[in-house]
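For reference, the chains in residue letters:
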Amino acid sequence: MFAFFFGSFLTTLLTSVDKCPAHKSGVTKLEPHPELFLMILVLSAPQYEEKRLSLRNTWLRLGQPLGLPYYPEDFIYLPTYNKRGHLEREGPSEQANRLRVYVDWLDSVQSPKSSDVPKRNIKIKHFFAIGTLGIHPNLRANLDKEQAQFQDLLFLPRLVDVYANLTEKLLHSIDALIHHYNFTYLLKVDDDTYVKLDYLLNELVSYDRKLIRKARDYRGDPLPALYWGYFNGRANIKTKGQWSESNYYLAQRYITYALGGGYVLGRMLCEFIGNNSHHLSSYVSEDISVGTWLAAFRHVYRRHDPRFDTGYMSRKCRAHHLVLHKRNETLMRDLYNGKLCTFEAGNEIYLKRPTEYYYDWRKTADKCCDNLVA
C-alpha cells in the first residue's frame, strides 16, 4: 500500500514539475507589457557600455515613427503546405525576384511625402542581455548606474557572462522574455550589429497583417512560424578554436541555421525554446543551436534573405542590406547618417569578403548556396 501511494505521489510531483518548470533565467523583476509587436534582444558583454550607447543613439531610434508607407502586401510571400504537409519555400529565382521588387520599392520611397505615411502605433521594446553571476562589484556598480539611466538592461542572475556560455545566455534571455512579456516577434542581434529598423519593422508588419488576413487558408495546418535570416547549410563542424564543437555528432555538417549576427523568430518558436530549455542540448554557437533545435518542425518558415549581412565578416556593402553585422561605433554613426559604405576605404581591395547567395531549398544542404547574388 505504501509503495502505491508513494508511486502516486512521485508521479504527481514529476507531472507538476514538467508542466511548471522553474524559470531557467531566475529573472523575477520585469514588468509585463501585453501589447508588444517586436522584442529586440541584444546579446552584450558587461563591459561594452560604449557599444550599447552607440546602438541607443542610432538604429534603436528608428522604431517610432516608422516614417515609411507600408510595404505592399502583394509583394509579401506566404508559404503554403505541399501534399506531404511541409511548407514550400522560395527557390533562388523567386528570392532574386523578391530582391528586385524590394530594390525598386526602396527607390520609390526614399523621399516619401508626409501625406503618404500612415499613422500607426507599433509597440517595440529592446533589452541588452547581460549575465551577472560572479561579476566584479565595480563593474556591477557601473551596470546599475547604466540601468538607472536607461532601464534597458536584462540582468541574468544565474549566468556567468563568458563566450562559452553564449547559448545558455540566449536560453536564459528567451526564458525571461516569454514569461514576462507578450510579443509577436523577437529580433536577436549582437551588439556590433546595425539594423535598418524602420525598413525591417515596416516589412514585418506587412507580413504579419497578411498572415492574419490569410489565416483561414491554412485550415487544419498550423500557421507558419517565422524564422527569418541569412541561412547556411554547408558549414563544417569546427574542431579547433573558440567555436570548437566536441558534442555535435548529428551530421557531417551543421544543420541549416540562420547566421547569428541577426535573425527574427516568431513567438511560437521562442516559447518552444524557452519552455524546453532544460531538455535542449547547448552547442557552443547559439545560432547553430537554434537551427538544430528547430530542424524537426514542419511549420517553420525559414526565410532566407540576402538583405541580412550577418556572418562572421561583413559582405560587400549593398544598399539593400537590412541587418549589418560587424560594425563598430563609427560605422554605426555613418550608417545612421546615411553614409552607406565608409568601411570600404583603405585596404578594402585586399579583403576577400564572403559571397552573397540565394538559398536553394530544393537541393541537399551541401549544395544550398551556389546561386550568387549578382
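Here the structure is a predicted model, which means the values were calculated and not measured.

Visitor: What exactly am I supposed to notice about the state of the cysteines here?
Guide: Among covalent bonds in proteins, the disulfide is the one between the sulfur atoms of two cysteines. One pass over the full model with this rule turns up 1 disulfide. The residue that forms a disulfide with Cys368 is Cys369, at a sulfur-sulfur distance of 2.1 Å. Because the torsion about its S-S bond is -80°, the bridge between Cys368 and Cys369 counts as left-handed.

Visitor: Sorry if this is basic, but what is going on with the sheet that holds strand β5 (residues 194–195) here?
Guide: Sheet strands line up and pair through hydrogen bonds in the backbone, either parallel or antiparallel. What the 3 strands build is an open sheet, ordered β5-β12-β11; its pairing is mixed. Edge strands, defined here as strands with exactly one partner in the open sheet, are β5 and β11 (308–309). Taken together, the 2 bridges between β5 and strand β12 (residues 323–324) define a ladder with antiparallel strand orientation. Of the residues in β12, the one forming a bridge with Tyr194 is Leu324.

Visitor: Where do I start with helix α7 (residues 267–275) in this structure?
Guide: In an α-helix there are 3.6 residues to a turn, and that puts residues three or four apart on one side. When α7 is considered as a whole, its buried residues turn out to be Arg267, Leu269, Cys270, Ile273 and Gly274. For α7, the angular spread of the buried residues around the axis is 155°, confining them to a single face. On its buried side, α7 packs onto α5 (166–180), β4 (185–190), β6 (225–229), β9 (262–266), α8 (286–293) and β10 (300–304).

Visitor: How should the environment of Asn371 be read in this particular structure?
Guide: Assignment of secondary structure puts Asn371 in strand β14 (residues 371–372). The class of Asn371 is partly exposed, set by a relative accessible area of 29%. For the pair Asn371 and Tyr357, spaced 14 residues apart in sequence, the C-alpha separation works out to 5.4 Å. Beyond its immediate sequence surroundings of up to four residues, Asn371 is in contact with Pro92, Glu356, Tyr357, Tyr358 and Asp360.

Visitor: Mind showing me how you'd approach the side chain of Gln147 here?
Guide: If you trace the backbone, Gln147 turns up in helix α4 (residues 137–150). Looking at Gln147, its side chain comes within polar contact range of the main-chain nitrogen of Leu153, at 2.9 Å. Once you skip the residues sitting within four places of it in the chain, Gln147 turns out to touch Asp152, Leu153 and Phe155.

Visitor: Help me understand the packing of α5 against α8 in this model?
Guide: Describing two packed helices takes the angle between their axes plus the distance from one axis to the other. In the contact formed by α5 and α8, the axes pass within 8 Å of each other and the chain directions differ by 60°. Judged by the angle between their axes, α5 and α8 are oblique. Between α5 and α8, the residues in contact are Leu166, Thr167, Leu170 and Leu171 and Glu286, Ser289, Val290 and Trp293, respectively. Looking at side-chain class alone, the contact of α5 with α8 contains 5 nonpolar, 2 polar and 1 charged residues.

Visitor: Would you take a moment to explain empty space enclosed by the protein for this structure?
Guide: If you roll a probe as big as a water molecule over the atoms, it shows you where there is empty space left. With the rule as written, the count across this model stands at 3 cavities of 30 Å³ or more. By volume, the largest cavity amounts to about 90 Å³. Considering the residues around the largest cavity, the lining is formed by Glu90, Gln95, Arg98, Leu99, Tyr102, Arg303, His304, Asp305, Pro306 and Arg307. When residues of the lining of the largest cavity are assigned to their parent elements, the largest contribution, 4 residues, is made by helix α3 (residues 92–108).

Visitor: Can you help me understand the packing of helix α2 (residues 49–57) against α4 in this one?
Guide: Two numbers describe how α2 lies on α4: the axes approach to 12 Å, and their chain directions differ by 10°. Considering their axes alone, α2 and α4 lie roughly parallel with respect to each other. In this structure, α2 contributes Glu49, Arg52, Leu53 and Arg56 to the contact, and α4 contributes Leu143, Glu146 and Phe150.

Visitor: Would you mind going over the sheet that holds β4 with me for this structure?
Guide: If you walk across this open sheet you meet the 7 strands as β3-β2-β1-β4-β9-β6-β10, and the pairing is mixed. The outermost strands of the open sheet, each flanked by one partner alone, are β3 (153–156) and β10. Geometrically, the sheet is characterised by an average inter-axis angle of 20° between neighbouring strands, direction not taken into account. Looking at chain direction, strand β2 (residues 124–131) and β3 are connected through 4 bridges and run parallel. Of the residues in β3, the one forming a bridge with Ile130 is Phe155. Sitting on the sheet, α4 touches β2 and β3, and the angle it makes with β3 is about 145°.

Visitor: Could you clarify how one ought to interpret the pairing of strand β1 (residues 38–43) in this entry?
Guide: The two faces of the sheet receive side chains in turn, since in a regular strand these alternate between them. Burial within β1 is extensive, with 6 of its 6 residues counted as buried. Alternating positions in β1 separate into two faces, Leu38, Ile40 and Val42 on one and Met39, Leu41 and Leu43 on the other, with burial throughout. Pairing of β1 with β2, which is carried by 6 bridges, proceeds in the parallel orientation. For Leu38, the partnering residue across the bridge sits in β2 and is Ile124. Of the strand pairs in this sheet, β1 and β4 are connected by 6 bridges, and their pairing is parallel. Across the sheet, residue Val42 finds its bridge partner in β4, namely Val189.

Visitor: In this structure, what is going on with the layout of surface pockets? I would like to understand it.
Guide: Taken as a whole, the largest pocket encloses approximately 1,300 Å³ of empty space. If you go around the largest pocket, you meet 43 residues; those closest to its centre are Tyr163, Trp243, Tyr312, His325 and Lys326. Contributions of two or more residues to the lining of the largest pocket are made by α5 and α8. Tallying contributions element by element places α8 first for the lining of the largest pocket, with 3 residues.

Visitor: Teacher, can you tell me more about the confidence of the model for the protein chain here?
Guide: Detailed reading of the predicted coordinates is not advisable wherever pLDDT is low. Of all residues in the protein chain, 87% attain a pLDDT of 70 or more, and the chain-wide mean is 88. Below a pLDDT of 50 lies the segment residues 1–21, which in the model reaches 1 contact outside its immediate sequence neighbourhood of four places, other chains included.

What counts and what doesn't
- Residues numbered from 1 in each chain as written.
- Predicted model: local features only at pLDDT ≥ 70, side-chain atom pairs only at ≥ 80, totals over all residues.
- Heavy atoms only, no water.
- Disulfide = S-S within 2.5 Å.
- Pairing = 2+ DSSP bridges.
- Helix = DSSP H or I, 4+ residues; strand = E, 2+ residues; numbered from the N terminus.
- Buried < 20%, exposed > 50% of the residue type's maximum accessible area, 1.4 Å probe, protein only.
- Arc of directions from axis to C-beta.
- Contact = heavy atoms within 4.5 Å.
- Polar contact = N/O pair within 3.5 Å; in protein donor to acceptor, adjacent residues only side chain to side chain.
- Axes fitted to C-alpha atoms, helices over the stretch in contact; angles between N-to-C directions.
- Parallel < 35°, antiparallel > 145°, perpendicular 65-115°, else oblique.
- Nonpolar A, V, L, I, M, F, W, Y, C, P; charged D, E, K, R; others polar.
- 1 Å grid on protein atoms, 1.4 Å probe; cavity = no way out; pocket = protein on both sides within 12 Å on 5 of 7 lines; lining within 4 Å.
- Points joined across faces, edges and corners; volume = space filled by probe spheres on them.
- pLDDT = per-residue confidence, 0-100.

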